[in-house]
Amino acid sequence: MEQQYFQINGAGLNIRAKLYTEGRGDVKALVILGHGFGGHKDNRAAERFAKHVIDKNHGVAALTFNWPCHGDDVRKTLRLADCDAYLAAVLAWAGSRYPDAALFGYATSFGGYLFLKYLSEHGNPFLKIALRCPAVCMYDVMMSSTVTPDALERIQKGKPASVGFDRKVEIDKTFLDSLRETDVSARDFLPYADELFILHGTKDEIVPFETVKRFAENNVIDFLPVENADHRFQAPEKMDFAIAQICAFFGLK
C-alpha cells in the first residue's frame, strides 16, 4: 500500500489530504473518509480501513483529509460552512482525478454528521455511504461530552475556546449556534435510505446509541448494533468487524 500526501487548493481553500493506493493500475473505486471531531487525516482507523480494502481489492483507493481547524489545517476557528466547502472541494477533486471511479463515503462521529448535512443540502454524490457512530445530535454531543464548563463560560462571554479530546479545536458561540440550528436528526433521509448504512457500538460513551438507532429507524436506514463496542471501536476485533461489514455494504471484499 502506498501513501501520498498532497493539497487540494482553489477558491481560497488549502485542504491537507492523504491518498492510499495499491501503487499500480487504474483506480476503479475510491472511498472518501471523514474523521471525527478533533481527528485528522492520519488517524489509525482510516489507515486500518485503507490497508484492508486495498489489500483485498484490486483497483480501490482511499482518501482522507483534514476538516477545517483539524490536524495541520491552517484555519483557526471552526465553521460549518467551511466544512461544507471542504467536502465539496474534495468531491470535485475526486471527480476530476478519477472521473470513472465508483465513489463511496465512510465517515465517523462528527464526520458522519457533516456527510449527512451535505447529503441533505446537496444530494448524494456517493454510490453508497457507511457511517460509524454518526453524531446525528452533534450539538447535544458537544454540550454533554466535549465542551467543559470553563470553555462554555468563555464562549458565553463571546470568546473562542479550545475543546476536544486528544487534539483541541477552537470553537465559538457562532459555531455552537450553527450546530443547534442545524439538526440533521430532524431532516428527511428517506430518499437516500437504500444508499446509507449505519453501525453503532452499544457501549458508545460519546454519541447515544438509542438516539442514532431511532434516527435510523425513522429513516428506514439499515442499522447494525455492534455489541460492547465503544465510540472509537478501540477493540481491534470490533474495528475489523466494522470494516468487514462496511466493505460488504460497498460490494467489496
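Residues numbered from 1 in each chain as written. Predicted model: local features only at pLDDT ≥ 70, side-chain atom pairs only at ≥ 80, totals over all residues. Heavy atoms only, no water.

**Things to note about the overall build of the protein**
Each helix and strand counted, the protein has eight helices and ten strands in total. Here the C-alpha atoms of the protein give a radius of gyration of 17 Å, agreeing with the 18 Å that 2.2 N^0.38 yields for 253 residues. Once the C-alpha set of the protein is aligned to its principal axes, its extents read approximately 55 × 40 × 35 Å. Burial statistics for the protein: of 253 residues in total, 55% are counted as buried. Taking all contacts inside the protein whose residues are at least 6 apart in sequence as the whole, residues at least 24 apart take part in 72%. Counting 30 positive and 33 negative side-chain charges, the protein places the averaged centre of each group 4 Å from the other. (Helix = DSSP H or I, 4+ residues; strand = E, 2+ residues; numbered from the N terminus. Rg over C-alpha atoms; globule rule 2.2 N^0.38 Å. Buried < 20%, exposed > 50% of the residue type's maximum accessible area, 1.4 Å probe, protein only. Contact = heavy atoms within 4.5 Å. Lys, Arg positive; Asp, Glu negative; His and termini not counted. Charge placed at Lys NZ, Arg CZ, Asp CG, Glu CD.)

**A look at the environment of Phe 175**
Looking at the secondary structure, you find Phe 175 in helix 6 (residues 173–181). Judged by relative accessible area, which is 0%, Phe 175 ranks as buried. Residues Phe 175 and Leu 78, 97 residues apart in the sequence, show an inter-C-alpha distance of 6.6 Å. When neighbours within four sequence positions are excluded, Phe 175 is seen to be in contact with Leu 78, Arg 79, Leu 80, Phe 110 and Met 142.

**Section: the packing of helix 1 (residues 44–56) against helix 8 (residues 236–250)**
With their axes 10 Å apart at the nearest point, helix 1 and helix 8 run at an angle of 55° to one another. Relative to helix 8, the element helix 1 is oriented oblique. Between helix 1 and helix 8 the crossing geometry is right-handed. Contacts between helix 1 and helix 8 involve Ala 45, Arg 48, Phe 49, His 52 and Val 53 on the former and, on the latter, Pro 236, Met 239, Asp 240, Ile 243, Ile 246, Cys 247 and Phe 250. Classifying every residue of the contact of helix 1 with helix 8 gives nine nonpolar, one polar and two charged. (Axes fitted to C-alpha atoms, helices over the stretch in contact; angles between N-to-C directions. Parallel < 35°, antiparallel > 145°, perpendicular 65-115°, else oblique. Left-handed = near helix turned anticlockwise from the far one by under 90°. Nonpolar A, V, L, I, M, F, W, Y, C, P; charged D, E, K, R; others polar.)

**A short note on helix 7 (residues 209–218)**
Regarding helix 7, the residues found buried are Phe 209, Val 212, Phe 215 and Ala 216. The arc enclosing the buried residues of helix 7, seen along the axis, measures out at 130°, which places them on a common side. At its buried positions, helix 7 is contacted by helix 3 (110–122), strand 9 (196–201) and strand 10 (222–226). One or two steps after helix 7, the chain reaches Val 220, where phi turns positive at roughly 55°. (Arc of directions from axis to C-beta.)

**Description of the side chain of His 200**
Mapped onto the fold, His 200 is located in strand 9. Of note is the side chain of His 200, whose polar atom sits 3.0 Å from the side chain of Asp 204. Engagement of the side chain of His 200 in a polar contact is seen with the backbone oxygen of Val 207, the distance being 3.0 Å. Among all residues touching His 200, those that are not within four sequence positions of it are Cys 133, Pro 134, Val 207, Pro 208, Phe 209, Val 212, Phe 223, Leu 224, Pro 225, Val 226 and Phe 233. (Polar contact = N/O pair within 3.5 Å; in protein donor to acceptor, adjacent residues only side chain to side chain.)

**Remarks on unusual backbone geometry**
The phi angle at Asn 228 is positive, at roughly 65°, despite the residue not being glycine. Structurally, the position occupied by Asn 228 is in the loop between strand 10 and helix 8.

**Observations concerning the environment of Leu 87**
Considering the arrangement of structural elements, one finds Leu 87 in helix 2 (residues 80–97). Since its relative accessible area comes to 2%, Leu 87 is described here as buried. In this structure the C-alpha to C-alpha distance between Leu 87 and Phe 65, which are 22 residues apart in sequence, comes to 9.0 Å.

Everything listed here is a matter of geometry and, on its own, says nothing about what the molecule does.
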